[in-house]
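# Structure at a glance
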Amino acid sequence: MTNKPVKKGAPAPSLDAVLNTIQSGDCIEVMNSLPENSVDLIFADPPYNLQLKGELHRPDNSKVDAVDDHWDQFDSFAVYDRFTRDWLSAARRILKPNGAIWVIGSYHNVFRMGAELQNQGFWILNDVVWRKSNPMPNFRGKRLTNAHETLIWASKSESAKPTFNYEALKALNEGVQMRSDWVLPICTGHERLKDENGDKAHPTQKPESLLHRVLIGTTNPGDVVLDPFFGTGTTGAVAKMLGRNFIGIEREETYRKVATKRIKNVRKLDNEALEVSQSKRAQPRVPFGQLVERGMLRPGEELYSLNGRHTAKVRADGTLVGSKDNKGSIHQVGAAFEGAPSCNGWTYWAYKSEGKKVPIDNLRQQIRAEM
């Protein structure tokens, strides 16, 4: 991995030339130099525009390491809005037609970003509340403790079909649908990167758990993930580990050095470990007739309903006959027997092997494994 500056007037780099690198420079200029429709996902953690007035101290008078760096300084809301419009426009140009973007922010800026996303034609899919399990206390005691940040997930357009690994997120959540409120800790302990003086390397370093959930849920191995505000490289580190390609953009040399060292030490997971749970709808379609064509089931062979109440015979064309008036597909015959409007024949019927009932779905899975 290398840091590559983008010079004004230089020819546009190819996508391969910038994959898995940290680009130095202004994020708008760098994104405008990249090929159109080339990125699968953008994760953006832009400046918050906190508008801090003076220093913040704890009750023991120690100074809070707040976000008061120059990169978070904007003269007015109008200036910040112009900046937001310009970088989102550059981001939209490089997203693939079915690409998507995640933006994260606090109450200072996330609503302004949400409005601009809609102004530019992005289609908001979800907002997610990241509830911090260990938030920083409110030391002045004049407001509620800021215990969350908001993420917005949006596709490039209303008609886009962005990646959504529903089953994988469900598996992460112990088999229950993933909700839009995520309880995850902020960076502490071993994950918090430090500089040479032992201080925080970056004031708003995001936890790897947050990026892990985003990338598992909305990208696939080999996808290109771009982070225009790369910081210390959380997006790149998680992308590399999960077998995704990344492009980082960071104008601050100090952060680039930390990110480069961090990502260099990340090991990509093996291909088997990168596989995630998939929806059955996403798996290859296998017609029941294929089982007959391949001799896995024979014409005239009897099938048995798993509830033990009905039988039907397999016909040479892959249909079943349950009685004189009950003929058709494995789904139609099962539905007719049960007096139901529909039936999943794959989970309804079984064949006998060595005297035991075996679901016909086992045979379908054998074919899918070959595919």
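Residues numbered from 1 in each chain as written. Predicted model: local features only at pLDDT ≥ 70, side-chain atom pairs only at ≥ 80, totals over all residues. Heavy atoms only, no water.

## What about the pairing of strand β3 (residues 39-44)?
- For β3, a buried count of 6 out of 6 residues is recorded, marking the element as mostly surrounded by other parts of the structure.
- With 5 bridges connecting them, β3 and strand β4 (residues 95-105) associate as parallel partners. Looking at β4, one finds that Ala 44 is bridged to Val 103.
- Strand direction decides the pairing type here: β3 and strand β8 (residues 224-227), joined by 2 bridges, are parallel. Across the sheet, Ile 42 pairs through a bridge with Leu 226, a residue of β8. (Buried < 20%, exposed > 50% of the residue type's maximum accessible area, 1.4 Å probe, protein only. Helix = DSSP H or I, 4+ residues; strand = E, 2+ residues; numbered from the N terminus. Pairing = 2+ DSSP bridges.)

## A few points about the nonpolar core
- Residues Met 31, Ile 42, Trp 87, Ile 101, Val 103 and Leu 226 are the most contacted members of the largest nonpolar core, which totals 32 residues.
- Here this core takes 7 residues from helix α3 (residues 77-94), the largest share from any one element.
- When sequence neighbours within four positions are dropped, the list of residues in contact with Met 31 reads Trp 87, Ala 90, Ala 91, Arg 93, Ile 94, Leu 226, Pro 228 and Ile 249.
- Counting residues in hydrophobic clusters, the runner-up holds 29 residues, among them Leu 41, Trp 130, Trp 182 and Ala 259. (Core = buried A, V, L, I, M, F, W, Y, C linked by side-chain atoms within 4.5 Å. Contact = heavy atoms within 4.5 Å.)

## Section: the pattern of salt bridges
- Counted under the stated rule, the structure contains 12 salt bridges.
- The salt bridge involving Lys 132 is made with Glu 149; its shortest N-O contact spans 2.9 Å. On the criterion of sequence distance, the pair formed by Lys 132 in strand β5 (residues 123-132) and Glu 149 in strand β6 (residues 148-155) is long-range, its members being 17 residues apart.
- When its relative accessible area of 15% is taken as the criterion, Lys 132 is described as buried.
- The partner of Glu 253 in a salt bridge is Lys 257, and the shortest N-O contact between them spans 3.7 Å. Of this pair, Glu 253 and Lys 257 both sit in helix α8 (residues 253-264), 4 residues apart, roughly one helical turn.
- Residue class for Glu 253 comes out partly exposed when judged on its relative accessible area of 47%.
- On the accessibility criterion, Lys 257 (55% relative accessible area) is exposed. (Salt bridge = Lys/Arg side-chain N within 4 Å of Asp/Glu carboxyl O.)

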